[in-house]
Amino acid sequence: MADLSNLTGLVSEPSGEIDSSVSSASNRSLRLAEKEKRKAEADPFRLAVKYLSQVEAGTVVRGNDELERNLVVVETVALSKGLPPEVITVLLDMALSLNAGTANCTRVLKFLIPATVVPQEAIVKGVSWLCVGKMPMNAQVLFVRWVLTVFDLIDCKDNLRSIYGFIFSFVMEENLGRQPFLTQLLALYKVFRPDLVTLSLPSRARTGFKNHNSTWKVALSAVQRKNKGAVLIDQSLDVKEKPSSRKRKLHHLAIPPLSSAFDSNSSKKVFRLQELQSFKELLENIHNIELPAQMGSLLGSSLALHYLDCVQDESAFLRLNFWLGHSLQEEFLLCPVDGSSDNTSEACRFLSTVLFSQQFLQEGFSSTESFLYKFLRVWDGSLLRPQILDLLSDIPLMPSFYVHKLLFEPMKQLYFTSTVFFKCSVIECLNSMLVKWLTWHSVSASDGGLDISLNSNSTMTMTLSGFMDSVMELVHFVGLLSSEGLRLENCHILLLNQSLAFYETVCDMFVKYSLPLIIMPPAGVFYPALFATDSISVDRLGYIMYRYRKNLTLAKKQEQQREKTPHISRNTYKEFNRNLQAMVNSMWNSWWCIPGSDLEIDKELIALSKVAEPWCRFDLIHHPALFSYAIEFHQRCWPERKDVDLGSIKTGKYWNWYMEFLFNQGFDGLKNFIQTNTGTAPH
């Protein structure tokens with residue numbers, strides 16, 4: 001028994017210690033809770049929120065110092081740190097109930113800046129206060145503007161979607177619906193459901209989506225910076241206090257992720273774009289696919305672009321162009337240039353994504369086109385040059401009058417005041433544009449060749465003659481740029497080669513693209529190429545003249561057979577023959593100074609040059625671009641000679657050997673030109 005009592009005694013002692021420990025921990029928790037309670041009670045912000053939550057209808061507002069003091073406390077915190085969700089709910093209910101008066105209602109709405117998210121129930125309750133009908137119009141307008149501003153911060157929208165009908169009925173009210181910030185939304189919505197929009201709206205908006213909520217967005221930007229990105233707002237709409245001093249911020253131009261536009265619990269059978277994993281899934285679900293909430297997210301997905309291209313949904317293109325046009329307008333036209341590397345790389349990625357999307361769809365967006373016409377007039381020619389020029393090359397065909405006014409005039413000003421490298425880039429851009437126009441014509445022209453639709457999403461059409469006018473305008477414009485540019489830049493080799501690359505496209509328009517139009521290069525391009533000091537330019541000119549002959553020969557043949565081909569101007573044949581004569585005589589016949597031609601030079605002036613035998617200085621042996629090859633050939637044939645006699649190359653079999661030697665250097669253009677236009681193979 002003694003042992004048992006001892007055992008009992010040993011067991012009971014620890015139990016008392018545990019009870020004491022639990023009691024101590026409990027007391028400590030109570031003390032901490034009491035301390036937190038006292039701290040909270042001492043926090044001016046919490047005390048102010050508690051006071052405002054208890055404001056009742058009929059509270060005296062005028063001269064109420066306590067109310068004013070608490071409003072100032074909350075307003076200070078809101079503008080510096082933002083308000084937590086529960087405080088947003090309390091203040092919105094207090095403001096819209098008008099318990100603190102109409103003036104304080106608008107005041108509270110103006111500093112209602114969320115720190116993280118906005119509770120859905122706060123918005124729903126706010127709409128219920130709209131239904132009461134007590135709020136004045138200015139307070140209703142301010143509330144709707146606030147909801148639009150923080151819409152992307154609402155934590156959940158399931159219940160909110162259930163009352164869209166109530167919200168829409170208020171928006172359709174005459175006074176509220178006439179607000180500028182709603183007019184644009186209603187105009188867009190009227191495109192989809194004209195039967196539901198009864199307000200008469202202007203058919204064309206002057207300023208598009210003007211930013212009417214700058215006060216909140218400045219505060220939201222400040223809160224975001226302090227909270228290190230905790231506020232997930234659409235930053236592409238951020239502004240500074242003064243529009244004239246706005247600057248682009250990081251991540252403004254990020255492509256939004258694909259997300260559903262509707263309730264995930266909907267009974268309707270839908271397949272969301274963000275769920276697509278393969279092209280096979282796209283084909284299997286193409287009739288049940290749901291467009292995303294933000295159409296800009298289509299630009300970041302190849303499968304989404306596949307869907308957009310397949311369904312050719314006009315409303316989808318309208319929404320996408322609306323979003324894209326607004327983003328380009330806000331970030332490039334309304335913001336001054338910021339040369340920081342971060343902003344430049346961000347804009348570069350955005351424009352590259354737009355370019356990828358346009359190339360994927362094989363046509364440009366109308367919003368991009370409109371943006372470029374405006375941007376060209378303020379562009380310095382250096383900011384994002386590769387992306388801007390690539391976008392310019394995607395501009396679709398338009399009537400010649402508009403292409404000259406909207407595109408050529410501003411480009412001309414940039415061209416003649418820029419460096420030679422920019423000039424080369426412009427010529428390359430316009431060459432790419434011409435190729436796309438010609439390719440589009442050869443693929444999209446109707447069988448009759450009389451009526452051509454401009455693109456798949458436009459009702460505008462253009463006749464074949466109108467198309468030819470636009471192409472002629474483009475070719476003549478590039479001819480002007482090339483001629484004057486070569487004159488200003490002393491026939492720079494890079495610019496000359498870019499100009500010749502353009503005319504490599506032009507010379508084959510009839511044969512390669514089935515366009516009954518042949519335009520010869522101007523003298524300001526032809527003669528600098530003929531007398532160029534680099535062999536590549538001379539060879540390219542030979543190829544161009546060879547292809548012109550092929551095109552003109554086919555055109556003449558079809559005219560003689562009376563096929564359905566527009567007549568090629570006799571002046572075109574005359575220009576070709578004049579150029580052909582100049583090139584053959586100077587390079588083959590060793591006589592470049594032809595009386596009565598463009599190359600006629602006064603004999604006394606030639607004599608002043610003191611050049612021996614000047615008439616043969618541009619033949620295949622003495623030409624500055626080929627002279628080094630002639631020297632090399634001479635050394636191979638007569639290695640023992642100390643004196644160089646290039647005239648010996650023309651004797652006997654050496655001439656044919658020299659021709660073969662030249663053609664083996666890769667001068668295929670010269671080879672085709674000589675063999676086609678001299679009537680015989682080299683001898």
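If you're wondering where the values come from, they're calculated on a predicted model, not measured in any experiment.

Parameters and conventions
Residues numbered from 1 in each chain as written. Predicted model: local features only at pLDDT ≥ 70, side-chain atom pairs only at ≥ 80, totals over all residues. Heavy atoms only, no water. Helix = DSSP H or I, 4+ residues; strand = E, 2+ residues; numbered from the N terminus. Contact = heavy atoms within 4.5 Å. Phe/Tyr/Trp six-rings, centres within 6.5 Å; stacked < 30°, edge-to-face > 60°. Buried < 20%, exposed > 50% of the residue type's maximum accessible area, 1.4 Å probe, protein only. Salt bridge = Lys/Arg side-chain N within 4 Å of Asp/Glu carboxyl O. pLDDT = per-residue confidence, 0-100. Axes fitted to C-alpha atoms, helices over the stretch in contact; angles between N-to-C directions. Parallel < 35°, antiparallel > 145°, perpendicular 65-115°, else oblique. Left-handed = near helix turned anticlockwise from the far one by under 90°. Nonpolar A, V, L, I, M, F, W, Y, C, P; charged D, E, K, R; others polar. Core = buried A, V, L, I, M, F, W, Y, C linked by side-chain atoms within 4.5 Å. Arc of directions from axis to C-beta. 1 Å grid on protein atoms, 1.4 Å probe; cavity = no way out; pocket = protein on both sides within 12 Å on 5 of 7 lines; lining within 4 Å. Points joined across faces, edges and corners; volume = space filled by probe spheres on them.

K.L.:
I tried to follow the overall build of the chain on my own but got confused; where do I start?
P.N.:
Each helix and strand counted, the chain has 30 helices and four strands in total. Nonlocal contacts in the chain, meaning residues at least 24 apart in sequence, comprise 70% of its contacts between residues at least 6 apart.

K.L.:
Honestly, the packing of aromatic side chains in this entry has me stumped. Any pointers?
P.N.:
In this description, a pair of aromatic rings is defined by centroid distance and the angle of the planes. This structure, assessed with the given rule, holds 20 aromatic pairs. Between W440 and F467, the aromatic rings sit 5.8 Å apart at their centres with planes inclined by 50°, giving tilted as the arrangement. Linking W440 in helix 20 (residues 420-444) with F467 in helix 21 (residues 464-488), this pair joins segments that are 27 residues apart in sequence. Exposure remark for W440: the relative accessible area of 18% places this residue in the buried category. Between F526 and Y527, the ring centres sit 4.9 Å apart and the planes meet at 85°, which makes this aromatic pair edge-to-face.

K.L.:
Before we go on, may I ask you to explain the pattern of salt bridges in this structure?
P.N.:
As a working rule, side chains carrying opposite charge can pair if their charged atoms are close by. A complete count under the given rule lists nine salt bridges for this structure. R107 serves as the salt-bridge partner of E75, at 3.2 Å between the closest nitrogen and oxygen. Here R107 lies in helix 5 (residues 102-110) and E75 lies in helix 3 (residues 65-80), a separation of 32 residues in the sequence. Its relative accessible area of 24% is what places E75 among the partly exposed residues. The shortest N-O distance in the salt bridge between D93 and K125 comes to 3.4 Å. Here the residue D93 occupies a position in helix 4 (residues 85-96), and K125 occupies one in helix 6 (residues 120-132), the gap between them amounting to 32 residues. Note on D93: relative accessible area 23%, which makes it partly exposed. Through salt bridges with shared partners, a single network forms among E68, E75 and R107.

K.L.:
Help me out: how do you make sense of the confidence of the model for the chain in this one?
P.N.:
The predicted structure's coordinates, where accompanied by low pLDDT, should not be read in detail. On average, residues of the chain score 78 in pLDDT, and 73% of them are at 70 or above. Put simply, strand 3 (residues 451-453) is where the chain has its lowest mean pLDDT, 50, and helix 22 (residues 493-506) is where it has its highest, 96. Low confidence marks residues 204-209, where pLDDT is under 50. Its contacts with residues over four positions away, or in another chain, come to eight contacts. In the model, residues 229-251 has pLDDT below 50 throughout and makes 59 contacts with residues more than four positions away in sequence or in other chains.

K.L.:
Mind showing me how you'd approach the environment of L220 here?
P.N.:
Assignment of secondary structure puts L220 in helix 12 (residues 214-226). The exposure class of L220 is buried, given its relative accessible area of 1%. Remark: the alpha-carbon pair of L220 and L112, spanning 108 residues in sequence, is separated by 9.9 Å.

K.L.:
Whenever I open this one, unusual backbone geometry confuses me. Can you help?
P.N.:
Trans is the common state for peptide bonds, and a negative phi is the common state for residues other than glycine. A positive phi angle is found at N490, which is not glycine, with a value near 55°. By the secondary structure assignment, N490 is in the loop between helix 21 and helix 22. Notably, S514 is not glycine yet its phi reads approximately 60°, a positive angle. Inspection of the secondary structure assignment puts S514 in the loop between helix 23 (509-513) and helix 24 (523-530). For S514, a relative accessible area of 54% translates into the label exposed.

K.L.:
Explain the packing of helix 2 (residues 44-53) against helix 3 to me, please; I cannot follow it from the model alone.
P.N.:
How two helices pack is summed up by the angle between their axes together with the distance between the axes. It is the contact of helix 2 with helix 3, at a shortest axis distance of 9 Å, that shows an interaxial angle of 125°. With respect to each other, helix 2 and helix 3 are oriented oblique. Here helix 2 and helix 3 pass one another in a crossing that is left-handed. Across the interface between the two elements, P44, F45, L47, A48, V49, Y51 and L52 from helix 2 touch E66, L67, N70, L71, V73, V74 and V77 from helix 3. Looking at the contact of helix 2 with helix 3, its residues break down into twelve nonpolar, one polar and one charged.

K.L.:
How should I be thinking about the nonpolar core in this particular structure?
P.N.:
Among the nonpolar cores identified, the biggest contains 130 residues, and L392 and Y658 are the most heavily contacted of them. Per-element tally for this core: the top contributor is helix 20, with twelve residues. Of all hydrophobic cores here, the second largest spans 47 residues; its members include L98, L109, L160 and L220.

K.L.:
What is the right way to read helix 2 from this model?
P.N.:
An α-helical turn contains 3.6 residues, so any two residues separated by three or four positions project in the same direction. Among the residues of helix 2, those classed as buried are F45, A48, V49, Y51 and L52. End-on view of helix 2: buried residues confined to an arc of 160°, all on one side of the axis. Residues of helix 2 that are exposed and angled more than 90 degrees away from the buried face: R46 and K50. Buried residues belonging to helix 2 abut helix 3 and helix 4.

K.L.:
Could you clarify how one ought to interpret the environment of L406 in this entry?
P.N.:
For L406, the location among the structural elements is in helix 19 (residues 400-415). A relative accessible area of 27% means that L406 is categorised as partly exposed. Taking the C-alpha atoms as reference points, L406 and S370, separated by 36 residues in sequence, lie 9.6 Å from one another. Sequence-distant contacts of L406, that is, excluding residues within four places in its chain, are made with Y373, L376 and R377.

K.L.:
Help me understand the side chain of Q387, please; the structure alone is not making it clear to me.
P.N.:
Among the structural elements, Q387 can be located in helix 18 (residues 385-393). Excluding its chain neighbours within four sequence positions, the residues that come into contact with Q387 are C348, L351, S352 and L355.

K.L.:
Help me understand helix 29 (residues 653-663), please; the structure alone is not making it clear to me.
P.N.:
Every buried residue belonging to helix 29 is among W655, Y658, M659, F661, L662 and F663, and all of these are buried. Of the surrounding secondary structure, the elements contacted by the buried residues of helix 29 are helix 28 (627-637) and helix 30 (668-677).

K.L.:
When you look at the packing of helix 21 against helix 24 in this model, what are you seeing that I'm missing?
P.N.:
Contact geometry of helix 21 with helix 24 gives a least axis separation of 8 Å together with a crossing angle of 50°. Relative to helix 24, the element helix 21 is oriented oblique. Residues S482, S483 and L486 of helix 21 form the contact with helix 24, whose own contacting residues are G524, V525 and P528. Split into classes, the residues belonging to the contact of helix 21 with helix 24 amount to three nonpolar, three polar and no charged.

K.L.:
Could you clarify how one ought to interpret empty space enclosed by the protein in this entry?
P.N.:
Empty space left among the atoms is revealed by rolling a probe the size of a water molecule over them. Scanning the model with the defined rule gives three cavities of 30 Å³ or more in all. Taken together, Q358, G364, F365, T368, E369, L372, L391, D394, I395 and P396 make up the lining of the largest cavity. Per-element tally for the lining of the largest cavity: the top contributor is helix 17 (residues 366-375), with three residues.

K.L.:
Explain the side chain of Q120 to me, please; I cannot follow it from the model alone.
P.N.:
With respect to the helices and strands, Q120 occurs in helix 6. Using a relative accessible area of 7% as the deciding quantity, one classes Q120 as buried.

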